[in-house]
Amino acid sequence: MSNVTINKIKYQESSGKLTIEYMRTNENKKPSYHTSIFNDEPAPEFFTALENLTKPTLNILGLGALLIKRIKPYAVSFKYAEDKTMSAVISSMFYVPSADREIVVNTPLMKCPSDEVEASQAGFFNQEAVDALWAFEQEARKYLDGKRNQISLFGEDTEAETVTDDVSVVDISAPNNVVQMPTVAQ
């Protein structure tokens, strides 16, 4: 899926829906734009990658670590420069206790630094944020490739597939007092 550029990833916890906006480039370098909405739950690694955006979001917004339980990232919008340098906006739900509701908070559009000089300037992500963003983007790619929670759509082995207490298959090794009732045809 290397001919895919992820533009936006959004997970709606209330509905369990995942939306991925992406551009696919064909062999003639012609782009096609897609928005896919999924109901299948992402793999646990997807949620870990999303949660790992929390601390960078707090740092970017200048909020203290005490607010970590009140902010929950749910979406990232990506932009790419000609040289493939990534920029992003992280969208989060922020709980406001005095109103007893959540509000949407976005980080400013920031860039991944290309060197140490840029890394020390305003408007650029720190390394922790860069790593978290790329990990989240990779999890979205895996999802598009078919990696979901407990199943893999295209036959790849995953740890979740080895669940042993699957109740969808019932093994009946002995008769179980089931009696066939006569029908009219008998």
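Our subject is the structure listed above.
Given the structure is predicted, the values throughout are model-derived calculations rather than measurements.

A. Representation of the environment of Ile90 in the model. As for its position among the elements, Ile90 is in strand 5 (residues 86-96). Sequence separation of Ile90 and Thr54 is 36 residues, and the distance between their C-alpha atoms is 9.4 Å.

B. Just the pattern of salt bridges, in detail. Following the criterion strictly, the structure yields five salt bridges and no others. Arg141 serves as the salt-bridge partner of Glu137, at 2.8 Å between the closest nitrogen and oxygen. A residue pair is termed a helical-turn pair when its members lie 3 or 4 positions apart in one helix, as Glu137 and Arg141 do in helix 4 (residues 127-144) at four residues. Of the charged contacts, one joins Lys142 and Glu139 as a salt bridge, the two residues approaching to 3.2 Å between their closest N and O atoms. With a gap of three residues between them, Lys142 and Glu139 both fall in helix 4, about one helical turn apart. Take Lys142: its relative accessible area is 36%, and that puts it in the partly exposed class.

C. Up close: empty space enclosed by the protein. Applying the stated criterion across every chain, the model contains one cavity of 30 Å³ or more. In this structure, the largest cavity occupies an estimated 30 Å³ of space. Taken together, Pro42, Ala43, Phe46, Glu139, Lys142, Tyr143 and Lys147 make up the full set of residues lining the largest cavity. Here the lining of the largest cavity is composed, by residue class, of four nonpolar, no polar and three charged.

D. Local environment of the packing of aromatic side chains. Applying the stated criterion to the full structure yields six aromatic pairs. Plain terms: the ring middles of Phe38 and Tyr143 are 4.9 Å apart, the flat faces sit at 70° to each other, and that makes the pair edge-to-face. Remark: Tyr143 occurs in helix 4 and Phe38 occurs in strand 3 (residues 31-38); sequence separation between them is 105 residues. Classification of Phe38 by relative accessible area gives buried; the value is 16%. Look at Phe78 and Tyr80: their rings are 6.3 Å apart centre to centre, the planes differ by 15°, and that puts the pair in the stacked class. With relative accessibility at 4%, the residue Phe78 sits in the buried group.

E. Fine view of the packing of helix 2 (residues 54-61) against helix 4. Relative to each other, helix 2 and helix 4 sit at 135°, their axes nearing to 9 Å. As judged from the angle between their axes, helix 2 and helix 4 are oblique. In this structure, helix 2 meets helix 4 at a crossing whose hand is left-handed. Two secondary-structure elements touch here, helix 2 through Lys55, Pro56 and Asn59 and helix 4 through Glu128, Ala129 and Ala132.

Parameters at a glance
Residues numbered from 1 in each chain as written. Predicted model: local features only at pLDDT ≥ 70, side-chain atom pairs only at ≥ 80, totals over all residues. Heavy atoms only, no water. Helix = DSSP H or I, 4+ residues; strand = E, 2+ residues; numbered from the N terminus. Salt bridge = Lys/Arg side-chain N within 4 Å of Asp/Glu carboxyl O. Buried < 20%, exposed > 50% of the residue type's maximum accessible area, 1.4 Å probe, protein only. 1 Å grid on protein atoms, 1.4 Å probe; cavity = no way out; pocket = protein on both sides within 12 Å on 5 of 7 lines; lining within 4 Å. Points joined across faces, edges and corners; volume = space filled by probe spheres on them. Nonpolar A, V, L, I, M, F, W, Y, C, P; charged D, E, K, R; others polar. Phe/Tyr/Trp six-rings, centres within 6.5 Å; stacked < 30°, edge-to-face > 60°. Axes fitted to C-alpha atoms, helices over the stretch in contact; angles between N-to-C directions. Parallel < 35°, antiparallel > 145°, perpendicular 65-115°, else oblique. Left-handed = near helix turned anticlockwise from the far one by under 90°. Contact = heavy atoms within 4.5 Å.

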